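# Notes for the structure review
The chain contents come next:
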Amino acid sequence: MNEATPDASECRLAEGLRRLVRAIEASGRAILPSSDDELLQTVVEAAARLFGAAASSIALVDDAEQMLQFRVATGAGSGEVVGMRIPIDEGIAGYVAMTGQPIAVSSVQEDPRFARETAKKTGYVPRSILAMPLVCDDRVIGVIEVLDKINAPSFGMQDMELLGIFARQAAIAIRASQHYQHLGEALLGSIRRLAQEDTSAEMQEVQQVLAETAEAPEGTDEIMALADIFGSIGKLGEAERKACLQILSAFSDYAHSRPRYA
Amino acid sequence: MEEEARPAWSSQFAASALRELTAVGPIGGITREWAWGGSTGSGVRVAIVDSGIESDHPAVGGQVRGGIIVSYDGRTKSKVRIEDDLEKRDLFGHGTACAGIIHTLAPEAELYSVRVLGRDLTGRALQFAGGLRWAIENGMHVINLSLSTSREEYYGLFHELADAAYFKNLMLVSAANNVPSPSYPSLYSSVISVAAHEGRDPLTFYYNPAPPVEFGAPGIDVQVAWQNKTTIVTTGNSFAAPHIAGIVALIRGKHAELTPFQIKTVLFACAANTHPETQT
């Protein structure tokens, strides 16, 4: 281990990282929707209109807590439903999240318990519900519901099929947005930590690695270029992502095991 | 894109899309009366792999004879834990709905609840497989699967289970996915896959000569049993499958020796759109 002391090269490194943070933040703003919820809101509004529904909502799965959280809603009862959290093994939305199967239910009010509890929470009891899982990479990430079909007593099989197609597109969009957001947060978080001028062990390691390559701060251009390539390969599809991952893993194994000369 | 262009499973059973079929030779001689006339499903054990069964719901008429709860347990080799179902409740109402439909058709069939849903979504497919394996190994005759998985990594596992069931003369009745995308085990040839048609008569079903989904049974706006001794009106292939499971229970009750492919042939011959060959 080299002994690290704050010196000119470290300051230069810190400055370089700060520039990188700013660059990533700037590009992030260009590619990310300003928030996840904004995207979701447009989805429920489109769904309500498309299916002639009085209301629509999206709940996302919180895996860690095994809950469903209603993130956005439009139409009747929307003010109350947003933010509502329900255990994943309850209710129609829970059933859909657990099984990955959509369900259409009419005469919902015939279930007095359902009606009472829903009304207590939202002040609104729908007569008919069509609930569809949002599935991405074989995982249920949430549930979209459309409530009370206008001009019809219930949602039919055709509505179910259409909402299925719609939900698939919505799930992909939500997943992509979440990926970007998580990736961006992770990148920013770690780089921000490093950019602070501390002399922690982490910082020393980074400095050591960077010190081994010439003109370390300039390496940021390569990192950005790599990120661009990852982004474009990621959009091509699963097969390409897997191939890329395998190539990179092989290279990484090689790079870590090759002899290094002082 | 390709998936969107594919016809949805249930549209194959719309009145305009139905094809009239001919049952040739002696197959044309198989009648409903021969197949299940007088049968009540007595002596037939039917497993409902689902969300549990509310055993005191009037719709199941006290016919629930037992049940298990399958939960995910990452520490065990099989990844699942199986316990007797002492709660006798249904998390949602879905399993009770299926059990109620089967009971309506085969009132003396013995119903067994195999509860495979739990809070842990990650283990869902393994719980489902564990429940199916239990049913295969514990003397069931008919298994209703109104659930499915679309996870490709479990294709092999469910295929193995479907084959095991087939070779044990055990009939799997599987609901097709409600959206037109692959789901297992409903797409395997050894199972009876079912989608919903618009009819109301519980004994009227159709054969689809262009599989993977082979049979259409009522499942649109049907009144079914639900949680807390209630009923709801609902739509889904989930409710079509138990109609066929109930009829299979009737057939098994009368002809216990029939194998899965023979049962399929009997169902084909008795489908509402199948007609015997006209005599020359």
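Because the structure is a prediction, the values reported are computed rather than measured.

Looking now at the overall build of chain A. What chain A contains, in helices and strands, is nine helices and six strands. Per-residue burial for chain A yields a buried fraction of 31% across its 262 residues. Nonlocal contacts in chain A, meaning residues at least 24 apart in sequence, comprise 59% of its contacts between residues at least 6 apart.

The next thing to look at is the overall build of chain B. When helices and strands are counted, chain B shows seven helices and 13 strands. Since a compact globule built from 280 residues should have a radius of gyration of about 19 Å, the 18 Å found for chain B is in line with a globular shape. The principal-axis extents of the C-alpha atoms in chain B amount to approximately 65 × 45 × 35 Å. Restricting the contact set of chain B to residue pairs at least 6 apart, pairs at least 24 apart contribute 75%.

The next thing to look at is the interface of chain A and chain B. Counting from both sides, the interface comprises 30 residues of chain A and, opposite them, 30 residues of chain B. Elements supplying a minimum of two residues to the side of chain A that touches chain B: α4 (91-99), β4 (103-106) and α6 (157-195) of chain A. Ranked by the residues each element gives to the side of chain A that touches chain B, the list is headed by α6 of chain A, at five residues. Tallied by class, the residues present in the side of chain A that touches chain B amount to 13 nonpolar, ten polar and seven charged. Here three bridges tie β4 of chain A to strand β12 (residues 230-235) of chain B, and the two strands are oriented antiparallel to one another. By the bridge assignment, A104 of chain A is partnered in β12 of chain B with T235 of chain B.

A few words now on the confidence of the model for chain A. Residues and elements named next belong to chain A. Residues with a pLDDT of 70 or more make up 65% of chain A, whose mean pLDDT is 75. The least confident element of chain A is helix α7 (residues 201-212), whose mean pLDDT is 57; the most confident is strand β1 (residues 53-62), at 93. In the predicted structure, residues 213-217 sits below a pLDDT of 50 and forms seven contacts with residues beyond four places in sequence or in another chain.

Here the focus is the sheet that holds β1 of chain A. Ordered in space as β3(A)-β2(A)-β1(A)-β6(A)-β5(A)-β4(A)-β12(B)-β11(B), the eight strands form an open sheet in which the pairing is antiparallel. Pairing within the sheet leaves two strands with one partner each, and these edge strands are β3 (85-87) of chain A together with β11 (222-226) of chain B. Averaged over all neighbouring strand pairs, the angle between strand axes comes to 30 degrees, with direction disregarded. Pairing of β4 of chain A with strand β5 (residues 129-136) of chain A involves three bridges; the strand directions are antiparallel.

Once that is clear, we can look at the pairing of strand β10 (residues 215-218) of chain B. In summary, the side chains of a regular strand alternate between the two faces of the sheet. All names here are of chain B. Bridge count for strand β8 (residues 192-197) against β10 is four bridges, and the pairing is parallel. When the sheet's bridge partners are listed, A195 is paired in β10 with G216. Examined bridge by bridge, strand β9 (residues 206-207) and β10 share two bridges and lie antiparallel to one another. Paired with Y207 across the strands is F215, a residue of β10.

What follows deals with the pairing of β8 of chain B. Residues and elements named next belong to chain B. Counted residue by residue, β8 has six buried out of six residues, so it is predominantly covered. Alternating positions in β8 separate into two faces, I192, V194 and A196 on one and S193, A195 and H197 on the other, with burial throughout. Sheet topology note: the strand β7 (residues 171-175)/β8 ladder contains three bridges and is parallel. What sits directly across from A175, in β8, is V194.

With that settled, the discussion passes to the packing of helix α4 (residues 124-137) of chain B against helix α5 (residues 155-167) of chain B. All names here are of chain B. Put simply, α4 and α5 touch, their axes get as near as 10 Å, and they point 15 degrees apart. Between α4 and α5, the crossing angle belongs to the class labelled roughly parallel. When the axes of α4 and α5 are compared, the crossing they make is left-handed. Along the contact surface, α4 presents A129, L132, R133 and I136, while α5 presents L157, F158, L161, A164 and A165.

The next point concerns the sheet that holds strand β3 (residues 64-72) of chain B. In any sheet, the strands associate via hydrogen bonds between backbone groups, in a parallel or an antiparallel arrangement. With mixed pairing, the nine strands of this open sheet are ordered in space as β4-β3-β5-β2-β6-β7-β8-β10-β9 (chain B). The sheet is open, and its two borders are formed by β4 (80-84) and β9 of chain B, each paired with just one other strand.

All names here are of chain B. At a minimum axis distance of 8 Å, the contact between helix α3 (residues 94-105) and helix α6 (residues 241-254) shows a crossing angle of 40 degrees. At the point where α3 passes α6, the crossing takes the right-handed sense. Together, C98, I101, I102, T104 and L105 of α3 and P242, H243, A245, G246, I247, A249 and L250 of α6 make up the contact between the two elements. The residue inventory of the contact of α3 with α6, partitioned by class, reads nine nonpolar, three polar and no charged.

This paragraph deals with the nonpolar core. Residues and elements named next belong to chain B. Counting 136 residues, the largest nonpolar core has V46, V49, I102, I143, V173, V194 and I244 as the members making the most contacts within it. With eight residues, α6 is the largest single contributor of residues to this core. Leaving out residues up to four positions away in the same chain, I102 has contacts with V46, A109, L111, N144, P242, A245, G246 and A249.

All names here are of chain B. Confidence in the prediction of chain B, expressed as mean pLDDT, is 91, and 96% of residues score 70 or more. Across residues 1-7, confidence stays below pLDDT 50; counting only partners more than four residues off in sequence or on other chains, it has six contacts. Quick note on the complex model: pTM equals 0.77, ipTM equals 0.79.

Let us now look at unusual backbone geometry. Look at the link from Y184 of chain B to P185 of chain B: it is a cis peptide, with omega at 5 degrees. Relative to the helices and strands, P185 of chain B resides in the loop between β7 and β8. For D148 of chain A, which is not glycine, the phi torsion reads 55 degrees and is therefore positive. Structurally, the position occupied by D148 of chain A is in strand β6 (residues 139-149). Here N169 of chain B, not a glycine, exhibits a phi torsion of approximately 60 degrees, which is positive. Tracing the backbone shows N169 of chain B in the loop between α5 and β7. Note on N169 of chain B: 15 C-beta atoms within 10 Å, which makes it partly exposed.

Quick notes on the rules
- Residues numbered from 1 in each chain as written.
- Chains lettered and ligands numbered in written order.
- Predicted model: local features only at pLDDT ≥ 70, side-chain atom pairs only at ≥ 80, totals over all residues.
- Helix = DSSP H or I, 4+ residues; strand = E, 2+ residues; numbered from the N terminus.
- Buried ≥ 20, exposed ≤ 12 C-beta atoms within 10 Å, placed from the backbone.
- Contact = placed C-beta atoms within 7 Å.
- Rg over C-alpha atoms; globule rule 2.2 N^0.38 Å.
- Nonpolar A, V, L, I, M, F, W, Y, C, P; charged D, E, K, R; others polar.
- Pairing = 2+ DSSP bridges.
- pLDDT = per-residue confidence, 0-100.
- Axes fitted to C-alpha atoms, helices over the stretch in contact; angles between N-to-C directions.
- Parallel < 35°, antiparallel > 145°, perpendicular 65-115°, else oblique.
- Left-handed = near helix turned anticlockwise from the far one by under 90°.
- Core = buried A, V, L, I, M, F, W, Y, C linked by C-beta atoms within 7 Å.

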